[in-house]
Amino acid sequence: MKKFWSVLIFACIFVLSSCGDSKAPTKVEEPDEPEETADTAEEVPDAEVPEEPTEENKEFDPENPGYTVEFNIIDTEMMGQGQSMAIGYFMKTAREDLESETAADVTLDTCVIGESSPRVPSCTSNADCAPEQECVPEYDSQSGQAIENSEHCETPNRASLDVGPVEIEGFNGGPYTFAYEPGDQVYKLNGTGDGSIDRSLIAYGVDYTIRGENMTPDDLNSLSATFRMPPALQLIEPAATEGGMFGSAIAIDNTKPLKFVWEGNGGQGYIDITITAAQSLANTVSVTCKVIDDGEFTVPEEFASQLVFGGGGDGMMDQMLQMMNMVIFDRHAESPITGDGISVGRVSSEQLIMANVLPTGYTPDPEPTTDPTTEPEPAPEEPEGE
């Protein structure tokens with residue numbers, strides 16, 4: 001499910017780049033482990049107290065799986081262009097939805113060479129999965145190729161459901177209705193369009209609420225959630241400057257630790273920082289750090305020194321390398337969605353900034369010192385012969 005959602009999100013983002021402004025939305029009228037005991041022969045251990053059911057320890061019931069619901073608000077600033085979208089979906093819960101999808105697989109405030117930690121497959125064949133699941137890999141969203149060591153157990157042939165309208169309050173000028181759009185089979189603003197929304201609708205640093213009442217399946221009655229939208233993502237240090245291939249850039253000195261400062265989210269959620277350096281077309285290195293969203297992180301010198309940025313000139317090859325030298329900030333935050341019949345639910349936001357990198361000390365080739373509008377001085381006349 002995680003891969004399904006990620007592919008859908010980024011497919012929609014690329015669609016946005018070819019679309020015009022969104023239509024004005026229709027506003028909704030306001031409605032009138034138990035403590036371990038010593039392992040001794042003399043003592044009788046205390047009776048175990050059953051844990052409260054949580055998303056991590058729920059038992060999957062194939063006869064009554066409940067529903068999985070997710071809504072995602074996305075704001076991106078890529079290559080000098082801003083785009084926003086808000087989409088959601090409902091599905092019958094699958095076994096894999098109950099697995100924890102947190103950042104626990106990577107220790108926060110750590111970095112790795114490459115864009116992710118080494119993958120370890122969780123299955124090798126269908127025999128390793130539950131009867132209703134299959135062992136399948138994840139696929140690269142651009143090349144379509146299977147990702148090595150990404151095999152996992154997944155329930156096939158799942159369908160997104162129309163369960164009735166959902167109201168979201170927190171957007172500027174809201175609340176607004178989100179409804180099922182049968183073409184893409186996801187929830188969109190007013191149930192139309194490509195999932196994009198006007199960027200001016202997104203309010204930052206405020207609470208959003210999601211409500212659904214009297215939903216159509218008998219076993220899904222209602223839902224509710226309160227979500228705190230983080231502040232707008234803005235890089236404070238190093239500050240963006242003019243001079244990038246797309247209008248702005250960030251200066252980076254790879255000879256010392258790289259300190260990043262931004263307006264944090266009070267330590268709630270996390271940020272992926274990815275820096276890609278292209279020394280040549282055949283030699284690129286990425287450093288990815290998953291960090292606590294507290295407003296400050298320093299990439300250690302041992303990682304920074306691996307970033308060798310090419311493209312210091314004005315030739316065609318240099319320009320291509322400059323385009324490949326990038327830094328990406330990707331902020332994640334989420335809150336649970338609860339309600340009758342909901343087994344797994346979350347509302348999340350993602351803010352993404354992508355900018356070019358200018359290595360410290362980079363200067364374009366010097367311009368000619370001669371003013372092209374100035375007439376050249378005439379050559380001295382040769383003396384006439386005697």
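Predicted model, so just to flag it, every value in this text is computed and none were measured.

> Please provide a residue-by-residue account of the state of the cysteines, values included.
All told, the structure shown has three disulfides when counted by the stated rule. Linked covalently through their sulfurs, C111 and C289 form a disulfide whose S-S length is 2.0 Å. Taking the torsion about the sulfur-sulfur bond, which here is approximately 105°, the covalent link between C111 and C289 counts as right-handed. You can see C111 sitting in strand 3 (residues 110-113) and its partner C289 sitting in strand 16 (residues 283-292), a full 178 residues away along the chain.

> Describe the sheet that holds strand 11 (residues 235-237), and please don't skip the residues or the numbers.
Within a sheet, neighbouring strands are paired by backbone hydrogen bonds and run either parallel or antiparallel to one another. One open sheet holds the three strands; their spatial order is 11-14-17, and the pairing between them is antiparallel. Every other strand in the sheet has two partners, leaving strand 11 and strand 17 (296-299) as the edge strands with one partner each. In this sheet, neighbouring strand axes are inclined to one another by 30° on average, regardless of whether the strands run parallel or antiparallel. In this structure, strand 11 lies alongside strand 14 (residues 258-262), joined through two bridges in antiparallel fashion. In the sheet register, L235 faces strand 14, and the bridge partner there is W262.

> Pulling in residues and values, what's your account of the pattern of salt bridges?
Taken as a whole and assessed by the stated rule, the structure comprises 17 salt bridges. With a closest N to O distance of 3.3 Å, D219 and K92 form a salt bridge. In this pair, D219 sits in the loop between strand 9 (207-213) and strand 10 (222-228) while K92 sits in strand 2 (residues 81-92), placing the two residues 127 residues apart along the sequence. Each of E70, E334 and R346 takes part in one network of salt bridges that share partners.

> Go over the nonpolar core with me, naming the residues and quoting the values.
The biggest cluster of nonpolar side chains holds 31 residues, and the ones touching the most others in it are F71, F90, F171, F178, Y208, I210 and I337. Contributions of two or more residues to this core are made by strand 1 (67-78), strand 2, strand 6 (166-169), strand 7 (176-181), strand 8 (186-189), strand 9, strand 10 and strand 19 (342-359). Among the elements that line this core, the one with the most residues is strand 1, at four residues. Once residues within four sequence positions are removed from consideration, I337 is found in contact with V69, F71, I210, L223, S224, A225, I342, G345, R346 and V347.

> Any chance you could break down the pairing of strand 15 (residues 270-280) for me, citing the residues and the numbers?
The buried fraction of strand 15 is high, at eight of eleven residues. In this structure, strand 15 lies alongside strand 16, joined through ten bridges in antiparallel fashion. Looking at strand 16, one finds that A277 is bridged to V285. Between strand 15 and strand 16, which pair antiparallel and follow one another directly, the connecting turn spans two residues.

Criteria and thresholds
Residues numbered from 1 in each chain as written. Predicted model: local features only at pLDDT ≥ 70, side-chain atom pairs only at ≥ 80, totals over all residues. Heavy atoms only, no water. Disulfide = S-S within 2.5 Å. Helix = DSSP H or I, 4+ residues; strand = E, 2+ residues; numbered from the N terminus. Pairing = 2+ DSSP bridges. Axes fitted to C-alpha atoms, helices over the stretch in contact; angles between N-to-C directions. Salt bridge = Lys/Arg side-chain N within 4 Å of Asp/Glu carboxyl O. Core = buried A, V, L, I, M, F, W, Y, C linked by side-chain atoms within 4.5 Å. Buried < 20%, exposed > 50% of the residue type's maximum accessible area, 1.4 Å probe, protein only. Contact = heavy atoms within 4.5 Å.

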